[in-house]
Amino acid sequence: MTYRKLKDEIEILEKGLPPKKDDGFLGGRLDPKEASLVLLPVPWEATVSFGEGTANAPDAIRTSSHQLDLENYHYTKAYKAGIAMLETDKKIHKLSNKARKKAIKVIESLEGGKIDNKSLKFVNEASKIVNSLVYEKSLNLLKDNKFVALVGGDHSCPLGLIKALNDSSKDDFGILHVDAHHDLREAYEGFTYSHASIFYNVLNECNKVSKLVQVGIRDFSSEEANRMLELKERGACLYDSAMQSQLARGKSLEEIFTPYINQLPQNVYLSIDIDGLEPLNCPNTGTPVPSGLRYGELEHLIFMIVKAGKNIIGFDLCEVGDSIDGWDANVGARVLYQLCGALLASQGKIEFK
């Protein structure tokens, strides 16, 4: 890709010309060196346990973002701060496809009461490779004073970024996690770095993560429910059923979300699994679950973090499905731009209202 300077990027974007198919996020071509925020695409989905297709999400979201208008109600001209999306690493996508085939063998063996140790080892080793690549790339960008966000892929993808923030941050930080699932299983189906184990691994490997606040959870195992209770002061969860009950009784979003936002420390990382939304917004995500947040409720929750004066230090968007009509990627692109605006506003790079 031929990159542009920030001044030229802003000028071209504001002309509103139709982007070219191979243009970057929002139709941009900003040199990452000129960006405040760098988006790292990770096309990985080896351990998904139901639907497939999230490995295609980074490119699908990039293409869908070409139809987005640049203005936003909450965040003033976020693009002017400089947002660059790196090109998708085809080697990771190729490794994902190979590891996925091995993972299917593991799952089929488990269904037959056996363990395919050879295939399981391959998947776990491949996952370590991806985690290491994401960690090194994220750490290098952070050392260059960039804000970094990740676009998955399945929800195992962000571990490397969160570890890089953990290892480079002076202060502790909290995680606001929006999802239909806890993702607190230990080595789910034998996969150490399963999409269903991301926060089990984060809490074990990232000592500066002082608080995990989860919102929208509505499909979980007894193992995960018990683990959430065991976290005590380190964890909190607004279950979807509790949220819906409070909404039905007439409580406002402000009243419902504020007690959970107040539990977060000053520095916050946002982890958004698209299946935290109602399935009408993400029908092709890997594991859709009825109910969930409306798009506007998620938008308001993210904005409340900014209004509360928190510093958003990074984020991920994962599990966006692959669909012929492009609807999932359309929604994903819009959530991604909201997240970009929120991070940049919280860090004083743009204004908000």
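Residues numbered from 1 in each chain as written. Predicted model: local features only at pLDDT ≥ 70, side-chain atom pairs only at ≥ 80, totals over all residues. Heavy atoms only, no water.

The protein appears in an unreviewed UniProt entry as N(1)-aminopropylagmatine ureohydrolase from Arcobacter porcinus.

**Student:** I'm lost on the pattern of salt bridges in this one. Help?
**Tutor:** Working definition: two side chains of opposite charge can pair if their charged atoms are close together. According to the stated counting rule, one finds 13 salt bridges in the structure shown. Taking the shortest distance from any N to any O, the salt bridge between aspartate 22 and arginine 29 comes out at 2.9 Å. Lysine 128 is the salt-bridge partner of glutamate 125, the closest N and O atoms lying 3.6 Å from each other. With glutamate 125 and lysine 128 both in helix α4 (residues 117-143) and three residues apart, the pair spans about one turn of that helix. Here glutamate 125 falls in the partly exposed class, since its relative accessible area comes to 38%. Judged by relative accessible area, which is 43%, lysine 128 ranks as partly exposed. (Salt bridge = Lys/Arg side-chain N within 4 Å of Asp/Glu carboxyl O. Helix = DSSP H or I, 4+ residues; strand = E, 2+ residues; numbered from the N terminus. Buried < 20%, exposed > 50% of the residue type's maximum accessible area, 1.4 Å probe, protein only.)

**Student:** Help me understand the sheet that holds strand β7 (residues 267-273) in this model?
**Tutor:** Two strands in a sheet stick together by hydrogen bonds in their backbones, pointing the same way (parallel) or opposite ways (antiparallel). As summarised here, the arrangement of the eight strands in space is β2-β1-β3-β8-β7-β4-β5-β6, forming an open sheet in which the pairing is parallel. Every other strand in the sheet has two partners, leaving β2 (83-85) and β6 (235-239) as the edge strands with one partner each. Each adjacent strand pair in this sheet contributes to an overall mean axis angle of 15°, direction not counted. Across six bridges, strand β1 (residues 37-42) lies against strand β3 (residues 147-152) in parallel orientation. Note on β3: the bridge partner recorded for valine 38 is valine 148. In the packing of helix α8 (residues 240-248) onto the sheet, the strands contacted are β5 (209-217) and β6, and the crossing angle to β6 comes to about 55°. (Pairing = 2+ DSSP bridges. Axes fitted to C-alpha atoms, helices over the stretch in contact; angles between N-to-C directions. Contact = heavy atoms within 4.5 Å.)

**Student:** Explanation requested: the nonpolar core in the structure shown.
**Tutor:** One broad trend across soluble globular proteins is that nonpolar side chains are buried collectively. Judged by nonpolar contacts, the single largest core of 113 residues is most densely connected at Leu37, Leu39, Trp44, Phe257, Phe315 and Tyr337. If you tally residues by element for this core, the top one is helix α11 (residues 327-346), at eleven residues. Once you skip the residues sitting within four places of it in the chain, leucine 39 turns out to touch Phe25, Ile83, Ala84, Met85, Leu86, Ala149, Val151, Phe315, Leu336 and Cys340. (Core = buried A, V, L, I, M, F, W, Y, C linked by side-chain atoms within 4.5 Å.)

**Student:** Honestly, unusual backbone geometry in this entry has me stumped. Any pointers?
**Tutor:** Keep in mind that most residues, glycine aside, have a negative phi and that most peptide bonds are trans. At the junction of glycine 152 and glycine 153, the peptide bond is cis and its omega measures out at 15° in the coordinates. Within the secondary structure layout, glycine 153 lies in the loop between β3 and α5 (159-168). The backbone of asparagine 145 shows a phi angle near 65°, a positive value even though the residue is not glycine. Positive phi, close to 60°, is recorded for glutamate 189, a residue that is not glycine. Position of glutamate 189 relative to the elements: it lies in the loop between β4 (173-178) and α6 (198-205). Accessibility expressed as a relative area gives 22% for glutamate 189, which makes it partly exposed.

**Student:** Before we go on, may I ask you to explain the pairing of β5 in this structure?
**Tutor:** Successive side chains on a regular strand alternate, one facing one side of the sheet and the next facing the other. The element β5 is extensively covered by neighbouring structure, given that eight of its nine residues are classed as buried. Alignment of β4 against β5, held across six bridges, turns out to be parallel. Residue pairing across strands places isoleucine 175 opposite leucine 212, the latter belonging to β5. For the crossover that starts at β4, traverses α6 and ends in the parallel β5, the hand is right-handed. The pairing of β5 with β6 spans five bridges and is parallel. Bridge pairing links valine 213 to alanine 236 in β6. In this view, the connection linking β5 to its parallel neighbour β6 by way of helix α7 (residues 222-231) has right-handed handedness. (Right-handed = clockwise from strand over helix to strand, strands pointing away.)

**Student:** Whenever I open this one, the environment of leucine 253 confuses me. Can you help?
**Tutor:** Considering the arrangement of structural elements, one finds leucine 253 in helix α9 (residues 253-261). Assessed through its relative accessible area of 19%, leucine 253 is described here as buried. Taking C-alpha positions, leucine 253 is 23 Å from arginine 234, a pair spaced 19 residues apart along the chain. Those residues in contact with leucine 253, other than ones at most four positions away along the chain, are Leu247, Thr258, Glu297, His300 and Met304.

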